[in-house]
Amino acid sequence: MPVFKDGLPCNRDAHEDLIRKLRELLPPEAVLTDKEDLRPFECDGLSVYRRLPLVVVLPETIAQVQAIMRFCHALQVPVVARGAGTGLSGGALPLSDGVLLSLAKFKRILHIDPENAMATLQPGVRNLAISDAAAAYGLYYAPDPSSQIACTIGGNVAENSGGVHCLKYGLTVHNILMLKVVTMEGELLTIGAETLDSPGYDLLALMAGSEGMLAVIVEVTVKLLAKPERAQVLLAAFDDVYKAGEAVGAIIAAGIIPAGLEMMDKVAIHASEDYAHAGYPRDAEAILLCELDGTNAEVSEHIMKVREILHQGGATEVRTAANEAERQLFWKGRKSAFPAVGRISPDYYCMDGTIPRRQLPHVLRQISLWSEEYGLPVANVFHAGDGNLHPLILFDANKEGELVRTEEFGQRILQLCVEVGGSITGEHGVGMEKINQMCIQFKAPELIQFHAVKAAFDPAGLLNPGKAVPTLQRCAEFGAMHVHHGQLPHAELERF
Amino acid sequence: MLERDISETLQQQVHNAVVNGAPLKIEGGNSKTFLGRETHGEILDVSGHRGIVEHDPRELVLTARSGTPLKEIEAALAEAGQMLAFEPPHFGDNATLGGTIACGLSGPRRPFCGSARDFVLGCKLLNGKGEILRFGGQVIKNVAGYDVSRLMVGAYGTLGVLLEISLKVLPRPAASHTLIQECTQAEAISKMSRLLSQPMPVDAACYHAGHCYVRLSGSEQAVKHAHEHLGGEVIEKSEPFWHALREHHLPFFGSANPLYRVMVKPAVPPLEIAGEWLLDWGGAQRWLVSDEPVAVIRERVATVGGHVTQFRGSENNGEIFQPLAAPVLVIHQRLKASFDPHGIFNRGRIYANL
């Protein structure tokens with residue numbers, strides 16, 4: 001028998017009642033219940049997790065969102081909010097007994113304010129559309145996740161999305177000013193302000209990366225930046241991955257903060273080159289792409305310096321993009337690394353750990369040892385500037401046991417990231433995918449604190465339940481909790 | 001350099017406070033007691049919990065215990081050619097890192113380079129149950145769990161005791177020039193607002209006593225070219241001016257009347273409120289010395305979507321910070337209860353009922 005929530009039995013009648021009432025709140029075309037209509041909502045960008053929701057609603061006003069939330073809260077029906085569905089951690093995975101709230105109809109740019117360099121947007125506005133609209137004023141929106149053509153600003157806030165320019169320009173949290181959100185209880189809150197800070201606790205920081213667990217984002221005000229006068233890319237080849245890693249540290253030690261600093265290993269270089277024909281050197285063990293931006297004068301000065309550092313660091317070749325077309329081509333190779341790897345292997349599993357940069361040689365060495373041990377090749381793509389590692393484990397899901405081995409391999413990589421002082425996720429979020437690994441990164445009292453933070457916004461626990469923060473019960477079953485001398489920490493605490 | 005980890009002592013004091021139901025007043029260097037509302041309780045002295053735990057210049061990350069003097073951190077960074085890019089005000093010789101982060105204070109660079117909260121990467125926290133918790137980390141990108149470390153910035157210690165803080169640090173610019181131009185407040189506002197949409201290496205802009213000051217920082221060439229483009233007279237040795245602005249040492253801040261911090265969108269035209277004005281943060285943070293009642297000031301500022309803090313010289317038991325909307329206050333109260341269930345930390349420091 002389907003249930004709405006643990007311990008809350010429900011039957012077909014209750015479902016029909018729910019749908020009937022949602023139809024009273026919304027126009028007929030905004031409530032989807034047919035299987036084929038629900039299908040596009042069954043997963044996000046992480047398609048190994050799929051589930052059909054009970055019903056999909058597509059409101060188009062804030063008042064409608066509030067009405068839906070109030071109503072679901074009264075009936076104790078869980079709600080999962082969804083933007084473009086490009087997330088990579090299963091954060092928007094629906095619940096079979098819950099409402100899937102799509103914000104797809106909230107796609108208007110409400111206001112661009114060039115004088116104050118800010119823009120107010122509905123949550124369904126695509127990331128790239130913001131920069132397109134701001135371009136007329138010489139402005140742009142800095143965070144540029146790889147899915148920026150499709151992903152939306154509401155989802156970017158929920159995931160605290162990054163991109164290739166994080167080291168210099170920060171993540172989403174550094175580039176937003178104000179949000180309007182609707183709580184599970186249907187309350188409309190303004191968080192942050194159009195001013196550079198706001199009174200009270202920094203709830204804006206808490207909302208960024210909250211993975212749809214705290215409130216539904218219905219409006220976003222972002223900061224816009226002046227477009228740099230010039231951007232230039234250098235490509236350096238190395239005969240040794242570790243030399244490339246050292247060069248990254250040397251550039252930063254010289255006091256230069258590149259706009260982007262990306263590294264790829266040999267497997268990734270070959271896959272990308274076959275796919276995008278960016279002119280990458282095939283004989284290299286690793287390449288670095290280093291983008292410098294700023295004023296003309298500054299970029300010229302920094303290019304000279306970085307070229308010198310790269311040569312001193314043992315680069316076998318350093319190229320500077322001759323023009324904008326070549327700059328785009330250099331980037332095209334990097335940006336198509338994922339689909340390129342998808343072509344050389346039936347399946348791949350993308351990891352998203354972060355590490356202190358100095359640990360790179362150690363971590364890469366360990367990954368390559370495990371790669372041999374598991375018999376699974378790995379392509380390494382690395383946001384080298386900010387320590388965000390994306391090892392892509394190549395496997396074939398149709399081969400017996402290969403997925404299980406891949407997941408085990410992946411888990412060891414994430415565990416290693418935590419051991420060396422990093423994190424299990426740099427930018428993709430926890431969602432469903434890394435919920436078990438949260439037990440590695442956090443101790444029981446920290447997880448309890450996270451649950452308490454959620455309860456401050458959503459006391460009933462109905463918004464995107466079961467994601468992002470594991471229960472202690474789950475961690476105990478996963479067996480990865482910080483167990484000392486065979487005893488669970490805080491054995492006196494209730495496991496929920 | 002004195003290094004000491006007294007987290008166990010602090011933890012014991014929190015346990016005792018819980019048992020005795022006695023509130024605690026968290027204190028570091030005692031340089032920012034004037035900020036916010038008055039709070040009472042036994043002093044929890046964090047100033048002995050000090051020392052830089054880790055600083056690897058190549059990682060652009062520094063981790064230090066909260067009682068570490070800010071000047072000690074700045075000196076260590078300067079030695080490595082680095083800095084705290086949010087240019088924090090000290091407001092006293094004994095300022096600590098913990099107090100700076102708890103109060104969320106940032107200096108003139110803030111609108112161009114980011115705030116104290118923007119540079120926080122992680123923290124070790126002592127909550128109101130006496131538990132030591134770690135959030136965030138020492139890496140620039142980390143989205144595991146809610147961003148509790150940034151929530152602590154500007155919470156004035158009401159949610160817990162910061163024990164250790166990891167910050168992103170940046171290289172110091174190779175060159176820095178300050179340009180000065182005589183103008184009216186309205187002219188300065190439009191000039192500073194235009195800087196926001198120009199790709200210029202500006203890292204501070206203010207309006208004071210009939211002059212607009214713009215600081216350019218970056219590579220030698222970048223600063224030189226930007227100066228040629230923007231025009232204006234160069235002030236030699238401008239560092240003391242920015243320091244005096246940041247630390248409120250300019251004569252403007254010595255007035256007998258109360259000092260208000262008025263936050264508005266940077267391009268908002270001059271506000272018609274009687275008093276003296278000094279505009280920092282490119283017009284986004286405006287200092288007002290005025291004898292108008294705070295209610296009148298708040299009402300006027302609200303019409304342009306801003307908010308007001310009674311910064312200095314007001315009664316320290318009133319509405320020092322802008323009152324919150326009722327549903328937002330409810331979230332604040334629930335968060336307070338979740339971190340500090342017995343209500344022992346800095347009671348009433350930001351709002352009467354927190």
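Visitor: Pulling in residues and values, what's your account of the interface of chain A and chain B?
Guide: Across the boundary between the two partners, chain A contributes 88 residues, which contact 75 residues of chain B. The junction of chain A with chain B conceals about 6500 Å² of combined surface from both sides, 60% of it contributed by carbon and sulfur atoms. When the buried surface of chain A facing chain B is broken down by residue, L196(A), Y201(A) and Q449(A) rank first, second and third, together holding 13% of it. At the junction of chain A and chain B, the tally comes to ten salt bridges. The closest approach of N and O atoms between D202(A) and R117(B), which form a salt bridge, is 2.8 Å. Inspection of the chain A/chain B interface yields 30 residue pairs in polar contact (both at pLDDT 80 or more). When contributions to the side of chain A that touches chain B are tallied by element, the ones reaching two or more residues are α6 (166–169), β11 (188–192), α7 (203–207), α8 (241–253), α10 (296–312), α15 (438–441) and α16 (444–457) of chain A.

Visitor: Can you tell me about empty space enclosed by the protein, naming the residues and giving the values?
Guide: Applying the stated criterion to the full structure yields nine cavities of 30 Å³ or more. By volume, the largest cavity is sized at about 780 Å³. Secondary-structure elements contributing two or more residues to the lining of the largest cavity are β10 (176–182) and α7 of chain A together with α5 (116–119), α9 (239–246), β16 (285–289) and β17 (307–312) of chain B. Of the residues contributing to the lining of the largest cavity, the split by class is 24 nonpolar, 15 polar and nine charged. Lining the second largest cavity are 24 residues; nearest its centre among them are I26(B), E27(B), G28(B), G99(B) and A102(B).

Visitor: I'd like a description of the confidence of the model for chain A, backed by residues and values.
Guide: Averaged over all residues, the pLDDT of chain A equals 92, while 94% of them reach at least 70. Between residues 1–9 of chain A, whose pLDDT stays under 50, and residues either more than four places distant or in other chains, the model counts 21 contacts.

Visitor: Which residues make up the sheet that holds β10(A), and what values go with them?
Guide: Residue and element names in this part refer to chain A. One open sheet accounts for five strands, arranged β7-β8-β12-β10-β11; its pairing is antiparallel. Both outer strands of the open sheet, β7 (109–113) and β11, are each paired with one neighbouring strand and no more. Here the average twist between neighbouring strands, direction ignored, is 15°. The sheet contact formed by β7 and strand β8 (residues 118–121) spans four bridges and is antiparallel. If you follow I112 over to β8, its bridge partner there is A119. Packed on one face of the sheet, helix α4 (residues 127–134) meets β7, β8 and β12 (216–223) and runs near 45° to β7.

Cut-offs and rules
- Residues numbered from 1 in each chain as written.
- Chains lettered and ligands numbered in written order.
- Predicted model: local features only at pLDDT ≥ 70, side-chain atom pairs only at ≥ 80, totals over all residues.
- Heavy atoms only, no water.
- Contact = heavy atoms within 4.5 Å.
- Buried area = accessible area lost by both parts, 1.4 Å probe.
- Salt bridge = Lys/Arg side-chain N within 4 Å of Asp/Glu carboxyl O.
- Polar contact = N/O pair within 3.5 Å; in protein donor to acceptor, adjacent residues only side chain to side chain.
- Helix = DSSP H or I, 4+ residues; strand = E, 2+ residues; numbered from the N terminus.
- 1 Å grid on protein atoms, 1.4 Å probe; cavity = no way out; pocket = protein on both sides within 12 Å on 5 of 7 lines; lining within 4 Å.
- Points joined across faces, edges and corners; volume = space filled by probe spheres on them.
- Nonpolar A, V, L, I, M, F, W, Y, C, P; charged D, E, K, R; others polar.
- pLDDT = per-residue confidence, 0-100.
- Pairing = 2+ DSSP bridges.
- Axes fitted to C-alpha atoms, helices over the stretch in contact; angles between N-to-C directions.

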